[in-house]
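What follows is the residue order along each chain.
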Amino acid sequence: MRLRHVTFALFTFLSSVLALRLSEVIDVFMRAQSRRMVYETKTSSRKTYDFIVVGASPSGCVIANRLTEDRNQQVLLLEAGIPDSPVTDIPALNPYLVLTDYNWDFTAEPNPGACWGMEDGVCPWPAGKGTGGGTIVNAMIWTRGNFRDFDSWAREGNPGWSYEELLPLFVRNENVLVKQFRNSKYRGKSGNLSVDFPPYTTPLFNAFLKAGKSFGYRIVDYNNPNSHIGYAQIQATIKGGRRVSAATAFIRPILGRKNLYINLNSRATRIIIDPVSRKALGIEYNRNGKTETVFAKKEVIVAAGAFNSPQLLMLSGIGPAYHLTEMGIPVLVDLPVGENLQEHIGMHGLSFVIDKPVSINPFRIFDSALVGGIEYLALRRGPLTSLGCEGVAYAKTKYSNSSEDYPDLELLFVGSGMNTDKGILLRRAFGISDEVYDSVYREYDGLDAFGIWPMVLYPESRGLVRLRNKNPLSKVRIYNNFLQVQRDIEILVEGLKMAVELAKTPPFQAFGARLIDNPFPQCRHLQFGSDKYWECTVRTMTCQWHHQCGTCKMGTVVDSRLRVFGVTNLRVADASVMPTITGGHTQAPAYVIGEKAADLIREDWNIPF
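Residues numbered from 1 in each chain as written. Predicted model: local features only at pLDDT ≥ 70, side-chain atom pairs only at ≥ 80, totals over all residues. Heavy atoms only, no water.

K.L.:
Whenever I open this one, the side chain of Glu79 confuses me. Can you help?
P.N.:
Its location among the elements puts Glu79 in the loop between β2 (75–78) and β3 (106–107). One buried charged side chain, Glu79, makes no salt bridge at all; its nearest oppositely charged neighbour is Lys129, positioned 7.3 Å away. There is a polar contact of 2.8 Å between the side chain of Glu79 and the backbone nitrogen of Ala56. Ignoring any residue separated from it by four or fewer positions in sequence, one finds Glu79 in contact with Gly55, Ala56, Lys129, Gly130, Thr131, Asn263, Leu264, Asn265 and Ser266. (Helix = DSSP H or I, 4+ residues; strand = E, 2+ residues; numbered from the N terminus. Buried < 20%, exposed > 50% of the residue type's maximum accessible area, 1.4 Å probe, protein only. Lys, Arg positive; Asp, Glu negative; His and termini not counted. Salt bridge = Lys/Arg side-chain N within 4 Å of Asp/Glu carboxyl O. Polar contact = N/O pair within 3.5 Å; in protein donor to acceptor, adjacent residues only side chain to side chain. Contact = heavy atoms within 4.5 Å.)

Printed below as a string of structure tokens:
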């Protein structure tokens, strides 16, 4: 089931007509039209620019913003998708936006060890498509990761990428609105990107924090390098009840700059490279079915994400020689493009129903639209400002190989269950099969529930991205290789057992919490609650978190200044350059990669900061 974005917007807002004045609904659509028209005023037919940035991803938006601070630099931002809109601004819609045209709608190649409970046994892999990239469909969670993650990048031979060196960029980037964090030397107070606690949580969230305390955990600011392990409320890229995407923070405020040009619906298909000098000259792209070319006097910067960036390089002759030869693409530079794919692997099927009703649940879609719609439009409060994910815990399992404050497991607390919206949309957003939903969740349709979902922070399994063919409009092949390393499974099993024990604590029992214990059909032959059973559930309800990275690895594909080896005037600057995945959600590191890239570019071209 895939809804088109316009249909989905109509569904969401017209379902609110009973509670909202028609004029307010019309106003939402007028603002959407106005935003689209503003972006269209930036469309350019010029052929030459100083810089071409491919992809309005978090990194791409930062780079376009920083480079155009110097009015002498003419910058073109190419984006394959459509504009963000008032619909994408609504935080609670994030799980459903993956059912729209704001999602590239990737799927992984069949993996016999994972995703048994997904439709056709295939792992879906959403990726944001539009102005803001992944930040228009993600859960907005703001976690930098552990400081040791960045130090390891530097130790691997990438000078300039240690935590100490990146901290000023994290600070520059951020405007933390949480009062108790604003005086921290580790947090920013004047950056483009607003970070706050979401205005709405269910009463169950406090039970989560109290349950953590009962096991001896502290309440922490997990973005402080001295306090990663512990429980916390989610910090999110949100302001005044609205999502703050990369476009909201870095592009919309500068749409008046005359040296910024933005071509939407423009799919880059090839980097134009001189085969003799191996210098990047420009980009060939497809817009509305027509092939266009643009040229860069200084650089091409690829920021199209961990799937589309390696695809563009390989289509342009940069990649593994054997694979490019297979595809019939002349080899320009033999590099391990597309290798080293990393992702935080998780299990999103653990749900607990409760006896004591809670306030309006954001994922009970009709209730939250009808009752919460007027509160959202009038006050920017209520269930539509919820992220769904309300709390997070960082913990060390018995499999951790570190004696330091270095967690290997994240637990996400979700104030909803897979059953809450009666299987109408949420489970479709996750690609869960009818067989699994009907067997496990159907009898609990519409009941109040919560979820605790484990995520392995440092998976050892590595995947691969390859071209499907040499048609630039085809989607890549993604070999996720999830759960090929047993340790990844063991950490997730420990996480599931921790979650079950948390739900047994008095704070949750005060709500009458009980595990939905209908066995998954793929696991009925195993003793419920045994390690073997939980391993089976991990393989059945395998999930990713939009954290794909590493496919244009720094040190093997690009150097520490993000320049592609063997080609001049060409950089990659997005999560694909990460040598290893960070211990948290990858949104914050992606922004800082953009900040770092912008500084490197300005240094190399003597552009004033």
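And the narrative resumes.
K.L.:
What exactly am I supposed to notice about helix α16 (residues 587–604) here?
P.N.:
In an α-helix, one turn spans 3.6 residues; hence positions three or four apart end up facing the same way. With 18 residues, α16 extends 26 Å between its outermost C-alpha atoms, agreeing within 8% with the 26 Å of an ideal straight helix rising 1.5 Å per residue. Of all the 18 residues making up α16, 16 are buried; the element is thus mostly covered by neighbouring parts of the structure. Once α16 finishes, Asn606 follows within two positions and takes phi at roughly 55°, a positive value. (Expected span 1.5 Å × (residues − 1).)

K.L.:
Just to check I follow, could you spell out the packing of helix α3 (residues 58–67) against α16 for this structure?
P.N.:
The geometry of α3 relative to α16 is characterised by a closest axis approach of 7 Å and an angle of 35° between their N-to-C directions. Between α3 and α16 the crossing geometry is right-handed. Of the residues in α16, those touching α3 at Pro58, Ser59, Val62, Ile63, Arg66 and Leu67 are Ala590, Tyr591, Ile593, Gly594, Glu595, Ala597, Ala598, Ile601 and Arg602. In terms of residue class, the contact of α3 with α16 is made up of ten nonpolar, two polar and three charged. (Axes fitted to C-alpha atoms, helices over the stretch in contact; angles between N-to-C directions. Left-handed = near helix turned anticlockwise from the far one by under 90°. Nonpolar A, V, L, I, M, F, W, Y, C, P; charged D, E, K, R; others polar.)

K.L.:
Looking at this structure, I do not really get the state of the cysteines. What am I missing?
P.N.:
One covalent bond between the sulfur atoms of two cysteine residues makes up a disulfide. Scanning the model with the defined rule gives two disulfides in all. Note on cysteine connectivity: Cys115 is disulfide-linked to Cys123, with sulfurs 1.9 Å apart. Residues Cys115 and Cys123 are joined through a disulfide that is right-handed, its torsion about the S-S bond being 110°. Bridging Cys523 to Cys536, the disulfide has an S-S length of 2.1 Å. Around the S-S axis, the bridge from Cys523 to Cys536 shows a dihedral of about -90° and counts as left-handed. With Cys523 in the loop between β24 (514–515) and α15 (531–540) and Cys536 in helix α15, this pair connects stretches of sequence that are 13 residues apart. Each of the two residues, Cys523 as well as Cys536, counts as buried. Once the disulfide-bonded cysteines of the chain are ranked by sequence position, their pairing pattern turns out to be 1-2, 3-4. As a non-bridged cysteine, Cys543 has Cys115 as the owner of its nearest cysteine sulfur, 8.5 Å distant. Cys552 forms no disulfide, and the closest cysteine sulfur to it belongs to Cys549, at a distance of 11 Å. (Disulfide = S-S within 2.5 Å.)

K.L.:
Explanation requested: the sheet that holds strand β23 (residues 477–479) in the structure shown.
P.N.:
Each strand in a sheet pairs with its neighbour through backbone hydrogen bonds, running either in the same direction (parallel) or in the opposite one (antiparallel). Strands sit in the order β16-β22-β23 across an open sheet of three strands; the sheet is antiparallel. Bordering the open sheet on either side are β16 (339–341) and β23, each of which pairs with just one other strand. Strand after strand, the sheet turns through a mean of 35° between neighbouring axes, direction not considered. Across three bridges, the pairing between strand β22 (residues 463–466) and β23 is antiparallel. Each residue of the ladder has a partner; that of Arg466, found in β23, is Arg477. (Pairing = 2+ DSSP bridges.)

K.L.:
What exactly am I supposed to notice about the packing of helix α5 (residues 163–173) against α16 here?
P.N.:
Two numbers describe how α5 lies on α16: the axes approach to 9 Å, and their chain directions differ by 110°. By the angle class used here, α5 and α16 are roughly perpendicular. Side by side, α5 and α16 meet where Leu166, Leu169, Phe170, Arg172 and Asn173 of the first sit next to Ala588, Pro589, Tyr591, Val592, Glu595, Lys596, Asp599 and Arg602 of the second. Within the contact of α5 with α16, the residues separate by chemical class into seven nonpolar, one polar and five charged. (Parallel < 35°, antiparallel > 145°, perpendicular 65-115°, else oblique.)

K.L.:
What is the right way to look at the packing of aromatic side chains in this model?
P.N.:
Each pair of aromatic rings is reported with the distance of its centres and the angle of its planes. The full count for this structure, using the stated rule, is 30 aromatic pairs. Measuring from centroid to centroid gives 5.1 Å for Trp125 and Phe307, while their planes differ by 90°, and the two rings are edge-to-face. In this pair, Trp125 sits in strand β4 (residues 124–125) while Phe307 sits in helix α8 (residues 305–315), placing the two residues 182 residues apart along the sequence. For the pair shown, Trp125 and Phe307 are each scored as buried. (Phe/Tyr/Trp six-rings, centres within 6.5 Å; stacked < 30°, edge-to-face > 60°.)

K.L.:
Is there a simple way to explain the confidence of the model for the chain in this structure?
P.N.:
Detailed reading of predicted coordinates is not advised where the pLDDT is low. For the chain, mean pLDDT is 92; residues scoring 70 or higher make up 91% of the total. The model gives residues 1–26 a pLDDT under 50, and that stretch makes 54 contacts with residues more than four places away or in other chains. (pLDDT = per-residue confidence, 0-100.)

K.L.:
Help me understand the pattern of salt bridges, please; the structure alone is not making it clear to me.
P.N.:
Side-chain pairing between opposite charges can occur once the charged atoms of the two side chains come close. With the rule as written, the count across this model stands at 33 salt bridges. The partner of Arg252 in a salt bridge is Asp89, with the nearest N and O atoms 3.5 Å apart. Taken together, the residues Arg252 in the loop between α7 (246–251) and β10 (260–263) and Asp89 in the loop between β2 and β3 connect sequence positions 163 residues apart. Take Arg252: its relative accessible area is 25%, and that puts it in the partly exposed class. One salt bridge in this structure joins Asp599 and Arg602, with 2.7 Å as the shortest N-O distance. With a gap of three residues between them, Asp599 and Arg602 both fall in helix α16, about one helical turn apart. Owing to a relative accessible area of 11%, Asp599 belongs among the buried residues under this scheme. What makes Arg602 buried here is its relative accessible area of 3%. One network of salt bridges, with partners in common, ties together Arg66, Glu69, Arg172, Glu595, Asp599 and Arg602.

K.L.:
What exactly am I supposed to notice about the nonpolar core here?
P.N.:
The biggest cluster of nonpolar side chains holds 103 residues, and the ones touching the most others in it are Tyr441, Phe450 and Phe520. If one sorts the elements of this core by residue count, helix α13 (residues 486–503) sits on top with nine residues. Here Phe520 is in contact with Met347, Gly349, Val436, Val440, Tyr441, Tyr533, Thr537, Thr540 and Met541, once residues within four sequence places are set aside. Formed by 87 residues, the second largest nonpolar core is a distinct cluster that contains Val62, Leu76, Leu167 and Tyr285. (Core = buried A, V, L, I, M, F, W, Y, C linked by side-chain atoms within 4.5 Å.)

K.L.:
Help me understand the environment of Gly319, please; the structure alone is not making it clear to me.
P.N.:
Secondary-structure assignment places Gly319 in strand β14 (residues 318–319). Considering only alpha carbons, one finds Gly319 and Leu387, 68 residues apart in sequence, at a separation of 38 Å.

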